[in-house]
Amino acid sequence: MSRLNGTDRRYDIVLFGATGFVGTLTAEYLAAHAPEGLRWAIAGRSTEKLERLRDRLPGAAGAGVLRADVSDPASLRALAEQARVVATTVGPYVRYGEELVAACADTGTDYLDLTGEPEFVDLMYVRHDARARETGARLVHACGFDSVPHDLGAYFTVRQLPEGVPLTVDGFVTADATFSGGTFASALGQFARYRQLLAAARDRRRHEPRLMGRRASAPTGAPRYAPEVDAWALPLPTIDAQIVRRSAKALDRYGPDFRYRHYAAVRRLPVAVGGVAAVGALVAAAQVPPLRRRLSDRLKPGEGPSAEKRARSWFTVRFVGEGGGHRVYTEVSGGDPGYDETAKMFAEAALALAFDDLPPTAGQVTTAVAMGDALLERLQRAGIRFRVAASR
Ligand SMILES: NC(=O)c1ccc[n+]([C@@H]2O[C@H](COP(=O)([O-])OP(=O)(O)OC[C@H]3O[C@@H](n4cnc5c(N)ncnc54)[C@H](OP(=O)(O)O)[C@@H]3O)[C@@H](O)[C@H]2O)c1
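Computed from a predicted structure; not experimentally measured.

## What about the overall build of the protein chain?
Then, in step 1: Across its full length, the protein chain holds 15 helices and 15 strands.
Then, in step 2: Projected onto the principal axes, the alpha-carbon positions of the protein chain cover approximately 55 × 50 × 40 Å.
Then, in step 3: Sequence-distant contacts, at least 24 apart, represent 79% of the contacts inside the protein chain between residues at least 6 apart.

In structure tokens:
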């Protein structure tokens, strides 16, 4: 494996989609926390919008401005060729994302995104993982609330348990927050493409090498009362459990037989029942094009929760890990999951890929595999809490 994206590239980090809701928050974070000498650029389809953004961000005066449009593959190729790391917020990724992944895989440029769309991740694995391995590009999807706290939380939990024995980890997510137009559009799009999602997963299984001599699984649990966290546990069919399972497949530290189950944790039964009904109704409505259009009109791209609303938002993911006669309770927690903390996770992941001493990896890799310890340390320094609550 040879890495092509050396320091001869013009920029360390290019942030594509910098003018969107989470893109702007990420640009703000980078401008405020950039290490001295960071060579970075903001990119998007409107030079005027990008320049306005740069002008109002203290600390961004030295950032470059690059125009690129997802409908113009040459502009994406030029973006990839100038950067060591490209971080993109331009979603829904299944609609807009592939050309940039292809350009990064081909030019040996490290790539990160905020997708939570399993179909996109599976398609990118089948189509671009092999090329990325040849060029040394690391393709790291799901670098926001989907799936960093879950992936690194499971990684952190595993490290508290004995080595070389079968391990089980359950993750329980609680959050109080709302979402943006971009997130809503991506979720609706993925709900409407259930058949394509299953087909992409099947195709991936045909291409992916089998794990030899070890097991890593992420079965969908059943709804249940979970006394270990004193809450109702509802299976959460997000991309997170798949990402945790891929980390477990790649890293021996997860032991010979690893199982992860992912839940939403809800204190009161009526809230749990209401939540399931609301999600069911949304999934059903997404199958009907006119209803889907009416729903997506309610939250426009570029819109999202206000700073006041975000300041009141929070998340906690509790993990219960077991193995070798030990049980450990751990917790990852922080502020507004979808935007403020997502921007932090995304920017810190880009900085880790650009500057940290990381294990040699290439191709499609998870955050835990590409940068587990380094990102864990960065996020703790940046105020996201990872802690052991109890162990026995
Ligand atoms: N993983 C997570 O936890 C997490 C959290 C938050 C968001 N997300 C995902 O992140 C994505 C962005 O969310 P958001 O709320 O920030 O969305 P948004 O506000 O709609 O931003 C989308 C961005 O894409 C750009 N864009 C659209 N079409 C383009 C084109 N043809 N060429 C180049 N750029 C184009 C927009 O540029 P303009 O400004 O010029 O319109 C904007 O910068 C969504 O897919 C969302 O699901 C994930």
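Still more to cover.
## Description of the sheet that holds strand E3 (residues 64-67)
Then, in step 1: If you trace the seven strands from one edge of the open sheet to the other, you get E3-E2-E1-E4-E5-E6-E14, paired in parallel fashion. Whereas interior strands pair on both sides, the edge strands pair on one side only; in this sheet they are E3 and strand E14 (363-364).
Then, in step 2: Two elements, strand E4 (residues 83-88) and strand E5 (residues 110-113), share four bridges in a ladder whose sense is parallel. For alanine 87, the partnering residue across the bridge sits in E5 and is leucine 112.
Then, in step 3: Helix H1 (residues 21-33) rests against strand E1 (11-16) and strand E2 (40-44) of the sheet, and its axis sits at about 155 degrees to E1.

## Section: the site of the ligand
Then, in step 1: Taken together, 35 residues are adjacent to the ligand, and Gly20, Gly91, Gly144, Gly182 and Pro301 come closest.
Then, in step 2: For the shell around the ligand, the secondary-structure elements that each account for two or more residues are H1, helix H4 (93-96) and helix H8 (181-191).
Then, in step 3: With four residues, H8 is the largest single contributor of residues to the shell around the ligand.
Then, in step 4: Composition of the shell around the ligand by domain shows at least three residues from each of domain 1 (11-145 + 341-376) and domain 2 (148-335 + 384-391).

## Digging into the pairing of E5
Side-chain direction in a regular strand flips from residue to residue, so the side chains alternate between the two faces of the sheet.
Then, in step 1: Along E5, one buried face is formed by Asp110 and Leu112 and the opposite face, lined by Tyr111 and Asp113, is buried too.
Then, in step 2: As judged from the two bridges shared by E5 and strand E6 (residues 138-140), these two strands associate in the parallel manner. Along E6, the bridge assignment pairs leucine 112 with valine 140.
Then, in step 3: Traced from E5 through helix H6 (residues 118-135) to E6, the parallel crossover comes out right-handed.

## Remarks on the packing of helix H7 (residues 148-158) against helix H10 (residues 240-250)
Then, in step 1: Running from amino to carboxyl end, H7 crosses H10 at an angle of 40 degrees, the nearest separation of the two axes being 9 Å. On the basis of the axis angle, H7 is oblique to H10. Crossing handedness for the pair H7 and H10: right-handed. Across the interface between the two elements, His150, Asp151, Ala154 and Tyr155 of H7 pack against Asp240, Ile243, Val244 and Ser247 of H10.
Then, in step 2: Split into classes, the residues belonging to the contact of H7 with H10 amount to four nonpolar, two polar and two charged.

## A word on the packing of helix H14 (residues 340-355) against helix H15 (residues 367-381)
When two helices pack together, their arrangement is captured by the angle between the axes and the distance separating the axes.
Then, in step 1: Two elements in contact, H14 and H15, have axes whose closest approach is 9 Å; the angle formed by their N-to-C orientations is 110 degrees. Relative to H15, H14 is oriented roughly perpendicular. In this structure, H14 crosses over H15, and the sense of that crossing is right-handed. When H14 is examined against H15, the residues Met345, Glu348, Ala349, Leu351, Ala352 and Leu353 are found in contact with a partner set consisting of Thr367, Met371, Ala374, Leu375, Arg378 and Leu379.
Then, in step 2: A breakdown of the residues in the contact of H14 with H15 according to their chemical character gives nine nonpolar, one polar and two charged.

## Notes on H1
Then, in step 1: Across its 13 residues, H1 extends 19 Å between first and last C-alpha, which sits within 8% of the 18 Å expected from 1.5 Å per residue.
Then, in step 2: The buried fraction of H1 is high, at 11 of 13 residues.
Then, in step 3: Residues of H1 that are buried in the fold lie against E1, E2, helix H2 (47-56), H8 and H14.

## Digging into the domain arrangement of the protein chain
Then, in step 1: Domains assigned within the protein chain are domain 1 (11-145 + 341-376) and domain 2 (148-335 + 384-391).
Then, in step 2: Its C-alpha centre places domain 1 at a distance of 23 Å from the equivalent point of domain 2.
Then, in step 3: At the interface, 29 residues of domain 1 touch 35 residues of domain 2.
Then, in step 4: Put simply, the parts of the chain that give the side of domain 1 that touches domain 2 at least two residues each are H1, H4, H6, H14 and H15.
Then, in step 5: Looking at the side of domain 1 that touches domain 2, the element that brings in the most residues is H6, giving seven residues.
Then, in step 6: Partitioned by chemical class, the residues of the side of domain 1 that touches domain 2 number 17 nonpolar, seven polar and five charged.

## Describing the nonpolar core
Generally speaking, nonpolar side chains in soluble globular proteins are found buried as a group.
Then, in step 1: Ranked by internal contacts, the top residues of the largest apolar core, which has 111 residues, are Val14, Leu15, Val86, Ala349 and Ala350.
Then, in step 2: Ranked by residue count, the leading element in this core is H14, at 10 residues.
Then, in step 3: Three or more residues apiece are contributed to this core by two domains, here domain 1 (11-145 + 341-376) and domain 2 (148-335 + 384-391).
Then, in step 4: Excluding anything up to four places from it in sequence, valine 86 contacts Val14, Phe16, Leu79, Ala80, Leu100, Cys104, Thr109 and Tyr111.

## Some remarks on the environment of proline 256
Then, in step 1: Here proline 256 is to be found in the loop between H10 and strand E11 (257-266).
Then, in step 2: For proline 256, a count of 13 C-beta atoms within 10 Å translates into the label partly exposed.
Then, in step 3: Each C-alpha atom, one on proline 256 and one on alanine 216, is 8.0 Å from the other, the two residues being 40 residues apart in sequence.
Then, in step 4: Those residues within four positions of proline 256 in sequence are excluded, and the remaining contacts are Pro166 and Arg214.

Conventions used here
- Residues numbered from 1 in each chain as written.
- Predicted model: local features only at pLDDT ≥ 70, side-chain atom pairs only at ≥ 80, totals over all residues.
- Helix = DSSP H or I, 4+ residues; strand = E, 2+ residues; numbered from the N terminus.
- Contact = placed C-beta atoms within 7 Å.
- Pairing = 2+ DSSP bridges.
- Axes fitted to C-alpha atoms, helices over the stretch in contact; angles between N-to-C directions.
- Near = placed C-beta within 6 Å.
- Domains from an automatic or database assignment.
- Buried ≥ 20, exposed ≤ 12 C-beta atoms within 10 Å, placed from the backbone.
- Right-handed = clockwise from strand over helix to strand, strands pointing away.
- Parallel < 35°, antiparallel > 145°, perpendicular 65-115°, else oblique.
- Left-handed = near helix turned anticlockwise from the far one by under 90°.
- Nonpolar A, V, L, I, M, F, W, Y, C, P; charged D, E, K, R; others polar.
- Expected span 1.5 Å × (residues − 1).
- Core = buried A, V, L, I, M, F, W, Y, C linked by C-beta atoms within 7 Å.

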